[in-house]
Amino acid sequence: VQLQASGGGLVQAGGSLRLSCAASGRTFSDYAMGWFRQAPGKEREFVGSITWSGFTSYGDSVKGRFTISRDNVKNSVYLQMNSLKPEDTAVYYCAVNVKGWGYTNPSSYGYWGQGTQVTVSS
């Protein structure tokens, strides 16, 4: 099982990026998926999640700016990031929620992608 995250890069403050996460090896259409991020010297932070039915939730720091979506046919999840700020700079990870609860807790996630770097310049 592999999760491949892509789409990161360098962007100016106020800009946008769209991250993608493609799963291979098995289907995750029945599972919630999540995005987390980790900046140097900081703990992994919940960004958002999406259930198998499309219900989304977001961390307070990204609400109103980030949007999660998924395509179960493509076995993929996406993170649209708008109005980016320098404090959004981090490595972004996608993951599969294997417990069916605790969407904001990294320990509820069993499969992780390798991460993609997002850098927002001021």
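The structure we're discussing is the one just above.
Residues numbered from 1 in each chain as written. Predicted model: local features only at pLDDT ≥ 70, side-chain atom pairs only at ≥ 80, totals over all residues. Heavy atoms only, no water.

### Overview of the state of the cysteines
Put plainly, two cysteines are in a disulfide when a covalent bond ties their sulfur atoms together. Here is the rule we go by: Here, the term disulfide refers to a pair of cysteine sulfur atoms separated by no more than 2.5 Å. Helix numbering and strand numbering both begin at the N terminus, where a helix is a DSSP run of H or I of at least 4 residues and a strand a DSSP run of E of at least 2. For the exposure calls, accessible area comes from a 1.4 Å probe over protein chains only, and a residue counts as buried if that area is under 20% of its type's maximum, exposed if over 50%, partly exposed in between.
Tallied over the entire structure, the rule returns one disulfide. Each sulfur in the disulfide pair Cys21 and Cys94 lies 2.0 Å from the other. Around the S-S axis, the bridge from Cys21 to Cys94 shows a dihedral of about 65° and counts as right-handed. With Cys21 in strand β3 (residues 17-24) and Cys94 in strand β9 (residues 90-97), this residue pair connects regions lying 73 residues apart in the sequence. Of the two residues examined, Cys21 and Cys94, each falls in the buried class.

### Description of the environment of Val120
Here is the rule: In what follows, residue pairs with any heavy atoms lying within 4.5 Å of each other are defined as contacts.
Within the element layout of this structure, Val120 appears in strand β11 (residues 116-121). For the pair Val120 and Ser16, spaced 104 residues apart in the sequence, the C-alpha separation amounts to 9.6 Å. The contacts of Val120, once residues within four sequence positions are left out, are Val11, Gln12, Ala13, Leu84, Lys85, Pro86, Asp88 and Thr89.

### Describing the nonpolar core
Condition: Here, the term nonpolar core denotes a set of buried Ala, Val, Leu, Ile, Met, Phe, Trp, Tyr and Cys residues that are joined through side-chain atoms within 4.5 Å.
In this structure, Leu3, Trp35, Phe66, Val77, Leu79, Met81 and Tyr92 are the most contacted members of the largest nonpolar core, which totals 27 residues. Elements with a minimum of two residues in this core: β1 (2-6), β3, β4 (32-38), β5 (45-50), β7 (66-71), β8 (76-81), β9 and β11. Sequence-distant contacts of Met81, that is, excluding residues within four places in its chain, are made with Gly15, Ser16, Leu17, Leu19, Arg65, Phe66, Tyr92 and Val118.

### Some thoughts on the pattern of salt bridges
Applicable threshold: We define a salt bridge as a side-chain nitrogen of Lys or Arg found within 4 Å of a carboxyl oxygen belonging to Asp or Glu.
Under the criterion given, the structure shown has four salt bridges. When the shortest N-O distance is used, the salt bridge between Asp60 and Lys63 registers 3.2 Å. Like Lys63, Asp60 is exposed. With a shortest N-O distance of 2.7 Å, Arg65 and Asp88 are connected by a salt bridge. One end of the pair, Arg65, is in the loop between β6 (56-58) and β7; the other, Asp88, is in the loop between β8 and β9, with 23 residues separating them in the sequence.

### With respect to the packing of aromatic side chains
The condition is simple: Think of it this way: a Phe, Tyr or Trp ring, Trp meaning its six-membered ring, pairs with another when their centres are within 6.5 Å, and the plane angle makes it stacked under 30 degrees, edge-to-face over 60, tilted otherwise. Only lysine NZ and arginine CZ atoms are considered, and such an atom sits over a ring when it is within 6 Å of the ring centre and within 35 degrees of the ring normal.
According to the stated counting rule, one finds seven aromatic pairs in the structure shown. Relative to Tyr31, the ring of Phe28 has its centre 5.9 Å away and its plane inclined at 75°; by these criteria the two rings are edge-to-face. Phe28 gets classed as buried once you look at its relative accessible area, which sits at 2%. On the numbers, 6.4 Å between centres and 80° between planes, the contact of Tyr93 with Trp112 is edge-to-face. With Tyr93 in strand β9 and Trp112 in strand β10 (residues 109-112), this pair connects stretches of sequence that are 19 residues apart. Of the residues examined, Tyr93 reaches a relative accessible area of 15% and is grouped as buried. Taking NZ or CZ as reference, Arg44 lies 4.0 Å from the ring centre of Tyr93, over its face. Over the face of the ring belonging to Trp112 we find Arg44, whose NZ or CZ atom lies 4.7 Å from the ring centre.

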